Amino acid sequence: MKLDAPTLVTVTIFVMVVMGGLYLLSWSQARRTLALGFLGAAQIVGAAAVVLFGLRGHIPDWISIGFANAAMLLAFGLIWAGARSFEGRRVTGWQTGAGAALWLVACLVPPFYASLGARVILASAVAGLYCALAARTLWHHRGERLPSRTPAAILLASEGLMAWARIPATLVLPAPPVGTPTDPFWVAVLCFIALLYTVAVAVLFMAMAKERLEAEQRHAAETDPLTGIANRRALAGEARRILAAGPAALLLFDLDHFKRVNDTFGHAVGDAVLVGFCAAARQVLPAGAAFGRLGGEEFACLLPGAGPGEAGSIAETVRHAVAGMRPDLVPGLAVTVSVGVARSLGVAKSAGVAKSAGVAKSAGEPGSGDFEALLALADRALYEAKAQGRDRVVVAGPGLRQVA
C-alpha cells in the first residue's frame, strides 16, 4: 500500500503522542525518574510541531515556520534535558530552551527568514547539537553499568549526524531537503526518520529506566539497611568470587558486650554503635576488601591475597580504630571489638597441595575456597579471642596465636 504525505504525517503525530503518553504514564508511577517526564514532554511538543508543519499553507507562515521549528527545537532540548536528568545532572531552563529562543530571534531578521536554506541550516545545526550533547551525556556516565546506555548514546549521536547531514545537502542540492506539502518525497523521508528515532529512543530510554530500577532493587536486596554495607548474602557471593580467584584472609568481627550496650543505653545508641563501627572500619580497611554484616553485631571482611601476618595487622588497625570511638553524647560508653582471622589457600593452590600429598581435601577445609569453612575457622579464632578477655585479635592456625 502506498502511503501519501498526509497519512505519513498523521502516523508520525499518532506515534509521537502515544510514546509521549507512555513516558508520562511511566513518570507518574516513578516520580523520582524525572527524565521520563522530560522525554514525554519532548514527544508531545514534537508532535505539536509536526501538526504545525502539516498545516503549512492553511495557517500563517509565522506559525507553521516560526513557531513550528521553535517547538521542534524545544523538543530536542527536552531530550537533552532528559538525558542530563537521567544521569543526575542539573537541568536549567535556558539550556533546554536556548535553541528555540535562538531560532525565534533569528526569524526576526528579514534576510534570514526569507532564506529557506538559511533556516534549514540553523535548525539542523541546533537539532544536531542537542542530539550530540544528549549522546555525550549518556556516554560519559558516572560508572553505572546499564546495557542499554551505549546503544542509546550511539542512536542519539546518529540522529545528530543525520540532522547535520542536511547542512551540506542544503548547500549542494538544488532544493533544500525539507518536508513541505509540495514536496512529498522529503515529507516521506523525514517522517520515516522521525518515526524510526521516536520509537527507538523511547524503547532504549524505557529500557535504561527499567535496568536502573532492577539494579537499585538488586542493590537493596544485597545491602544491610542499617549500616549500608553488604549483607550476608551479598558478602557470601563476593567471597565465593574472591576465593575462586586465589588465596584470601577472612576477618571475623564481634563487638564486645553489645547486648550490654543495648540494655544500658538503649537500642538507638546500639544502632549508632553499629553504624559507627562500620564507618571506622571502612576508613582503615584496604581497597578491594569485601566487608559485610553477617547479622547482629557480627561482621566479616575478606582480604584478597592477604597473608596471616598482613591480615592480623589490618585486624589490629581496625581494633584500634574502634577502641578510639568515644561518643561525646553518651558518657561512659566504650566500644571494643574482638577479631578472629583465618586464611584460605585458594582453590587452585589447595588442589595442588592435595594432589602432591596424594589425598583428597574435603569441602570443609579452609584451603578449599569454601566460604562457610573459612568462616567456621575464623569463628574458632574469634571464640578464643573472647575467651582470652576480648578486645584482641587471634589468628587461626596450629595452636591459635594472638597478634602482638
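Residue numbers restart at each chain and count upward from 1, following the sequence in its written direction. Two thresholds apply to this predicted model, a pLDDT of at least 70 for residue-level local features and 80 or more for giving and counting side-chain atom pairs, whereas whole-chain, interface and lining totals are computed over all residues. Hydrogens and water are ignored here; the side-chain numbers use all heavy atoms of the structure.

1. Quick word on the environment of Gly-324
(1) Moving on: Secondary structure elements are taken from DSSP: a helix is a run of H or I of four residues or more, a strand is a run of E of two residues or more, and numbering for both begins at the N terminus. Along the chain, Gly-324 turns up in the loop between α12 (308–323) and β4 (337–344).
(2) Moving on: To sort residues, take the accessible area from a 1.4 Å probe on protein chains only and compare it with the maximum for the residue type: under 20% means buried, over 50% means exposed, and anything in between is partly exposed. For Gly-324, a relative accessible area of 55% gives the class exposed.
(3) Moving on: Placed 12 residues apart in sequence, Gly-324 and Thr-336 show a C-alpha to C-alpha distance of 8.7 Å.

2. Let's talk about the packing of aromatic side chains
(1) Moving on: Aromatic pairs are defined between Phe, Tyr and Trp rings, using the six-membered ring for Trp, whenever the two ring centres lie within 6.5 Å; interplanar angles under 30 degrees are classed as stacked, those over 60 as edge-to-face, and all others as tilted. With the rule as written, the count across this model stands at nine aromatic pairs.
(2) Moving on: Between the aromatic rings of Phe-277 and Phe-299, the centroid separation amounts to 4.8 Å while the plane-to-plane angle is 50°, which identifies the pairing as tilted. Residue Phe-277 is located in helix α11 (residues 267–284), and its partner Phe-299 is located in strand β3 (residues 298–304); the two are separated by 22 residues in the primary sequence. The pair formed by Phe-277 and Phe-299 is uniform in burial state, with each residue classed as buried.
(3) Moving on: Arranged with centres 6.2 Å apart and planes meeting at 25°, the rings of Phe-291 and Phe-299 form a pair that is stacked. The pair Phe-291 / Phe-299 is uniform in exposure class, with both members buried.
(4) Moving on: We call a charge positioned over a ring when the NZ of a Lys or the CZ of an Arg lies within 6 Å of the ring centre and within 35 degrees of the ring normal. The ring of Trp-27 carries Arg-31 above its face, with NZ or CZ at 4.5 Å from the centroid.
(5) Moving on: Its end group placed over the ring of Tyr-113, Arg-119 keeps NZ or CZ at 5.7 Å from the ring centre.

3. A word on the pairing of β3
(1) Moving on: Burial runs high along β3: five of the seven residues are buried.
(2) Moving on: For two strands to be treated as a pair, DSSP must find no fewer than two bridges joining them. When strand β1 (residues 248–255) meets β3, the two strands line up antiparallel, connected through seven bridges. In the sheet register, Leu-251 faces β3, and the bridge partner there is Cys-301.
(3) Moving on: Linking strand β2 (residues 290–295) to β3, which pair antiparallel, is a turn of two residues; within it Gly-296 sits at a positive phi near 60°.

4. Remarks on helix α4 (residues 93–107)
(1) Moving on: Between the first and last C-alpha of α4 there are 21 Å, a value that for 15 residues agrees with the 21 Å anticipated at 1.5 Å per step.
(2) Moving on: The largest bend in α4 is about 40°, located at Gly-99.
(3) Moving on: Burial in α4 covers these residues: Gln-95, Thr-96, Gly-97, Gly-99, Ala-100, Trp-103, Ala-106 and Cys-107.
(4) Moving on: Along its buried surface, α4 packs onto α3 (61–86), α5 (110–114) and α6 (116–139). An expected span of 1.5 Å times one less than the residue number is assigned to each helix. We define the bend at each residue as the angle formed by axes fitted to the 7 residues ending at it and the 7 residues starting at it. The contact criterion used is simple: two residues touch if any of their non-hydrogen atoms lie within 4.5 Å.

5. As for the UniProt feature "transmembrane region" (unreviewed entry) in the protein chain
(1) Moving on: UniProt's feature table lists "transmembrane region" (unreviewed entry) at residues 6–27, 34–56, 62–81, 93–114, 120–139, 151–173 and 185–209, given in the numbering used throughout.
(2) Moving on: Measuring from the first to the last C-alpha atom of residues 151–173 gives 32 Å, for a span that is 96% helix and 0% strand. UniProt positions are given in the numbering used here, feature names are shortened, and annotations may be inferred rather than shown by experiment.

6. Details of the nonpolar core
(1) Moving on: Counting 56 residues, the largest nonpolar core has Trp-103, Leu-138, Leu-156 and Phe-205 as the members making the most contacts within it.
(2) Moving on: Only α1 (5–29), α2 (34–54), α3, α4, α6, α7 (149–172) and α8 (184–221) provide two or more residues apiece to this core.
(3) Moving on: No other element matches α3, which puts 12 residues into this core.
(4) Moving on: Ignoring any residue separated from it by four or fewer positions in sequence, one finds Leu-138 in contact with Ala-83, Phe-86, Glu-87, Arg-149, Ala-152, Ala-153, Leu-156, Phe-205 and Met-208.
(5) Moving on: Counting 34 residues, the second-largest nonpolar core is a separate cluster that includes Leu-274, Phe-299, Ile-314 and Val-339. In plain words, nonpolar cores are sets of buried Ala, Val, Leu, Ile, Met, Phe, Trp, Tyr and Cys residues tied together by side-chain atoms within 4.5 Å.

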